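Fold and contact review
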Amino acid sequence: MKLFTASALVLALATPVLAETYHFDQSHTEIRFYYNHAGLTEQSGEWTAVSGTVEFDPENITATSADITIDASSVETGWGPLNDHLKSGDFFDVEAYPNIKFVSTSAVQTGASTLQMIGDLTIKDQTKPATLEIDLTFMGEHPLAGFFDYYKGDWVAVEADGQLLRSEYGVGMFAPGTSDLVQLKISAEMRAGGWE
């Protein structure tokens, strides 16, 4: 795709590699959501705290799996009162339901550097199937490894898209006046083995 070419993926597939456990670099991982506000404007926000792991083997894409936890209280829209309202019982009720979870159940390779990940998304104890369309944009030694020890090791980077109906998860206040459909976009850099 953009940074990770098909030929690079072919080269990676030609090199024997074992599955690795990748951990999110929180400083360069964003989980953003987009919605229409009452037909007037397109609005967005993000969750700023994510943890979990992705199991990835370029020789066996269909074995890719993910177990991801989002701190629901880390929601950030750029305006404090809206953040507080989203954290309240009207929406995410973060005191009662502190985490949002995605656990994959299967993966399908859809192209030379793309895959579809299917899994269970849980918000406020409501679990529904969800699908992420993923572009693998980078795999290998991080370009900054020569400057910072933090970046040494093997890395992967992805761009992912998905969507959900928020009313299915108990956060449907004001829908459909404010859109029920929410678009998700994920940008993530991950390091094999994480950090000690």
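Keep in mind the model is a prediction, meaning the values are calculated, not measured.

Points about the overall build of the chain
- Within the chain, the secondary structure is distributed over two helices and ten strands.
- Helices and strands appear in the chain in the N-to-C order α-β-β-β-β-β-α-β-β-β-β-β.
- Taking 2.2 N^0.38 as the reference for a compact globule, 196 residues should give roughly 16 Å; the C-alpha atoms of the chain span a radius of gyration of 18 Å, in line with that estimate.
- Considering only C-alpha atoms, the chain reaches an extent of 50 × 35 × 30 Å along its principal axes.
- Contacts spanning at least 24 positions in sequence make up 59% of the contacts within the chain whose residues lie at least 6 apart.
- Where the 10 positive side-chain charges of the chain centre and where its 28 negative ones centre are 4 Å apart.

Comments concerning the packing of aromatic side chains
- Counting across every chain of the model gives eleven aromatic pairs.
- An angle of 85 degrees between the planes, with centres 5.1 Å apart, marks the rings of Tyr150 and Tyr151 as edge-to-face.
- With relative accessibility at 35%, the residue Tyr150 sits in the partly exposed group.
- Accessibility expressed as a relative area gives 10% for Tyr151, which makes it buried.
- In this structure an aromatic cluster arises from ring pairing among Phe148, Tyr150, Tyr151, Trp155 and Trp195.

Re the side chain of Arg191
- Inspection of the secondary structure puts Arg191 in strand S10 (residues 181–192).
- A polar side-chain atom of Arg191 sits 3.2 Å from the main-chain carbonyl oxygen of Lys152.
- In this view, Arg191 contacts Thr21, Tyr22, His23, Asp149, Tyr150, Lys152, Asp154 and Trp155; residues no more than four positions away in its chain are not counted.

As for the pairing of strand S8 (residues 126–141)
- Inspection of the sheet shows strand S7 (residues 114–123) paired to S8 by ten bridges, in the antiparallel sense. Within S8, the position partnered with Ile118 by the bridge is Thr131.
- Counting the residues between successive antiparallel strands, the hairpin from S7 to S8 contains two residues, one of them, Lys124, with a positive phi of roughly 55 degrees.
- The pairing of S8 with strand S9 (residues 154–165) spans eight bridges and is antiparallel. Among the inter-strand pairings, Asp135 is bridged to a residue of S9, identified as Glu159.

Some thoughts on unusual backbone geometry
- The step from Ala175 to Pro176 runs through a cis peptide bond, and the omega angle for that step is 0 degrees.
- Despite not being glycine, Asp125 shows a phi value in the positive range, around 65 degrees.
- Positive phi, normally seen in glycine, also occurs at Phe174, with a value near 75 degrees.
- Topologically, Phe174 is positioned in the loop between S9 and S10.
- According to the relative accessible area criterion, Phe174 is exposed, its value standing at 53%.

What counts as what
Residues numbered from 1 in each chain as written. Predicted model: local features only at pLDDT ≥ 70, side-chain atom pairs only at ≥ 80, totals over all residues. Heavy atoms only, no water. Helix = DSSP H or I, 4+ residues; strand = E, 2+ residues; numbered from the N terminus. Rg over C-alpha atoms; globule rule 2.2 N^0.38 Å. Contact = heavy atoms within 4.5 Å. Lys, Arg positive; Asp, Glu negative; His and termini not counted. Charge placed at Lys NZ, Arg CZ, Asp CG, Glu CD. Phe/Tyr/Trp six-rings, centres within 6.5 Å; stacked < 30°, edge-to-face > 60°. Buried < 20%, exposed > 50% of the residue type's maximum accessible area, 1.4 Å probe, protein only. Polar contact = N/O pair within 3.5 Å; in protein donor to acceptor, adjacent residues only side chain to side chain. Pairing = 2+ DSSP bridges.

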